[in-house]
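What follows is each chain in one-letter form.
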Amino acid sequence: MRVLKFKTAKKSTRLLYRSCFSSVAMLGLLSVYQHAAQAAEAPTVTRAPAPVEHVFVPQGFDDNDNAEIIIQGRFPNACMKTGPVEKSIDTQKRTIRLRPQVYVYRGEPCAQVIIPFTQRVTFGTLKEGTWRIEVEGMPSVAPLPLVVSRARTAAPDDYLYAPVEDVVLLPGALGSQQKLVLSGNWPLISGSGCFALKRIQTDLGADNTLVVRPIAELQSADQCDPSSLRKRAFQSTVNLEAPLKVDSLIHVRVLNGESLNKFYEAL
């Protein structure tokens, strides 16, 4: 009887080992399947050519300016974001080739909405002359000229520009002119004096880039209106001589040497 009990206990132990091994094996397989599923669903970020539709080339840069252009397009869904713009600059041929890219996020549901984007691309200072801007992989975007003039002064700009923070295009009434409304806040002045917006100069280029120069002036305290010494916010309106009838870019030069850019789609 003792031998039979020993054999039965031994057999039970073997069955217990087999059961434990099977459970461990099943857990291992389940873990492998879970990791595989997670890897398949894990979001990834890749790069792709940007869907560029327009290249806007503001004119009026000097050879001591940080020259720039603006690209514009539309994302087909919410899983794209603006990415880097690779640039190759041939100073001998005065040609600039652009390779704008977007980040594409995969693994997550994408809202199927059309999202417009604009992106500012700077080149630093360029030599005087006419430069050719090309966008690789975008044959529908015709090359455009960027004209760089010789600087007339050592100052970064010919004028002191207002620090514009927003620009709005207002449609005029039937038969009347369109209006631009510019607004912002004057910077603090160390000492006495005030800023004044003297005039707003607009120039519409052949590529439908409207260059806006809000020319400002720093005045001494005796020239300032008392209310201007206490108020920093400003707003000004200018009528456009020619209406913007097609897709256009409003490019505003601002005080810090950069620009404010807004794309307006023709309805």
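Rules used in this analysis
Residues numbered from 1 in each chain as written. Predicted model: local features only at pLDDT ≥ 70, side-chain atom pairs only at ≥ 80, totals over all residues. Heavy atoms only, no water. Helix = DSSP H or I, 4+ residues; strand = E, 2+ residues; numbered from the N terminus. Contact = heavy atoms within 4.5 Å. Patch = residues over 30% accessible without salt bridge, like charges linked within 9 Å, V, L, I, M, F, W, Y side chains within 5 Å. Areas by Shrake-Rupley, 256 points an atom, 1.4 Å probe, with all protein chains shown as cover. Salt bridge = Lys/Arg side-chain N within 4 Å of Asp/Glu carboxyl O. Pairing = 2+ DSSP bridges. Axes fitted to C-alpha atoms, helices over the stretch in contact; angles between N-to-C directions. Core = buried A, V, L, I, M, F, W, Y, C linked by side-chain atoms within 4.5 Å. Buried < 20%, exposed > 50% of the residue type's maximum accessible area, 1.4 Å probe, protein only. Disulfide = S-S within 2.5 Å. Phe/Tyr/Trp six-rings, centres within 6.5 Å; stacked < 30°, edge-to-face > 60°. pLDDT = per-residue confidence, 0-100.

A few words now on the overall build of the protein. On a plain count of helices and strands, the protein comes out with one helix and 17 strands. A fraction of 66% describes how many contacts in the protein between residues 6 or more apart in sequence connect residues 24 or more apart.

This part takes up a nonpolar patch on the surface. On the surface, a nonpolar cluster with roughly 230 Å² of combined accessible area is contributed by Leu160, Leu218 and Leu255. On the secondary structure map, Leu218 appears in strand β14 (residues 209–219).

Turning next to the sheet that holds strand β2 (residues 52–56). What the three strands build is an open sheet, ordered β2-β4-β7; its pairing is antiparallel. In the strand order of this sheet, the two ends are held by β2 and β7 (115–124), each with one partner. When the angles between neighbouring strand axes are averaged without regard to direction, this sheet yields 20 degrees. Pairing between β2 and strand β4 (residues 67–75): four bridges, direction antiparallel. Its bridge partner being in β4, Phe56 is matched across the sheet by Ile70.

Our next topic: the nonpolar core. If you look at the biggest cluster of nonpolar residues, it comprises 26 residues, and the most contacted ones within it are Val55, Ile69, Leu98, Phe123, Leu126, Ile133 and Leu146. Elements with a minimum of two residues in this core: β2, β4, β5 (80–90), β6 (95–106), β7, β8 (129–135) and β9 (144–149). The contact partners of Phe123, leaving out residues within four places of it in the chain, are Asn66, Ala67, Glu68, Ile69, Lys87, Ile89, Ile96, Leu98, Ile133 and Leu146.

A disulfide bridge is the covalent bond that connects two cysteines by way of their sulfur atoms. All told, the structure shown has two disulfides when counted by the stated rule. A sulfur-sulfur separation of 1.8 Å characterises the disulfide bridge that pairs Cys79 with Cys110. Residues Cys79 and Cys110 are joined through a disulfide that is left-handed, its torsion about the S-S bond being -110 degrees. With Cys79 in the loop between β4 and β5 and Cys110 in the loop between β6 and β7, this pair connects stretches of sequence that are 31 residues apart.

Counted under the stated rule, the structure contains five aromatic pairs. Seen from their ring centres, Phe75 and Phe117 are 4.4 Å apart, and the 10 degrees between their planes marks the pair as stacked. On the criterion of sequence distance, the pair formed by Phe75 in strand β4 and Phe117 in strand β7 is long-range, its members being 42 residues apart. Residues Phe75 and Phe117 agree in their burial class; the two are buried.

Attention now goes to unusual backbone geometry. Positioned with a positive phi, Arg94 is a non-glycine residue whose angle comes to about 55 degrees. Among the structural elements, Arg94 can be located in the loop between β5 and β6. Relative accessible area serves as the criterion here: at 26%, Arg94 is assigned to the partly exposed category. Unusually for a residue other than glycine, Asn208 sits at a positive phi of about 65 degrees. Note on placement: Asn208 falls in the loop between β13 (194–204) and β14. On the basis of relative accessibility, which here comes to 26%, the residue Asn208 falls in the partly exposed class.

With that settled, consider the pattern of salt bridges. On inspection of all chains with the given rule, the structure shows eleven salt bridges. Between Glu136 and Arg99 there is a salt bridge whose closest N-O contact spans 3.2 Å. Taken together, the residues Glu136 in the loop between β8 and β9 and Arg99 in strand β6 connect sequence positions 37 residues apart. Lys198 is paired through a salt bridge with Glu217; the nearest N and O atoms lie 3.6 Å apart. With Lys198 in strand β13 and Glu217 in strand β14, this pair connects stretches of sequence that are 19 residues apart. Bridged by salt links that share partners, the residues Glu53, Arg74 and Glu265 form one connected network.

Looking at the protein as a whole, its pLDDT mean stands at 83, while 79% of the residues score no less than 70. The low-confidence segment residues 1–7, where pLDDT is below 50, has zero contacts with residues more than four positions distant or belonging to other chains. Low pLDDT, under 50, characterises residues 35–40; the predicted model gives this stretch zero contacts beyond four residues in sequence or across chains.

We now examine the sheet that holds strand β12 (residues 179–185). The three strands lie next to each other as β11-β12-β15, forming an open sheet whose pairing is antiparallel. Strands at the two margins of the open sheet, each flanked by one partner only, are β11 (164–170) and β15 (233–239). Looking at each pair of strands side by side, their axes are set apart by 15 degrees on average, direction ignored. In the sheet, β12 pairs with β15 via seven bridges, with the strands oriented antiparallel. When the sheet's bridge partners are listed, Ser183 is paired in β15 with Gln235.

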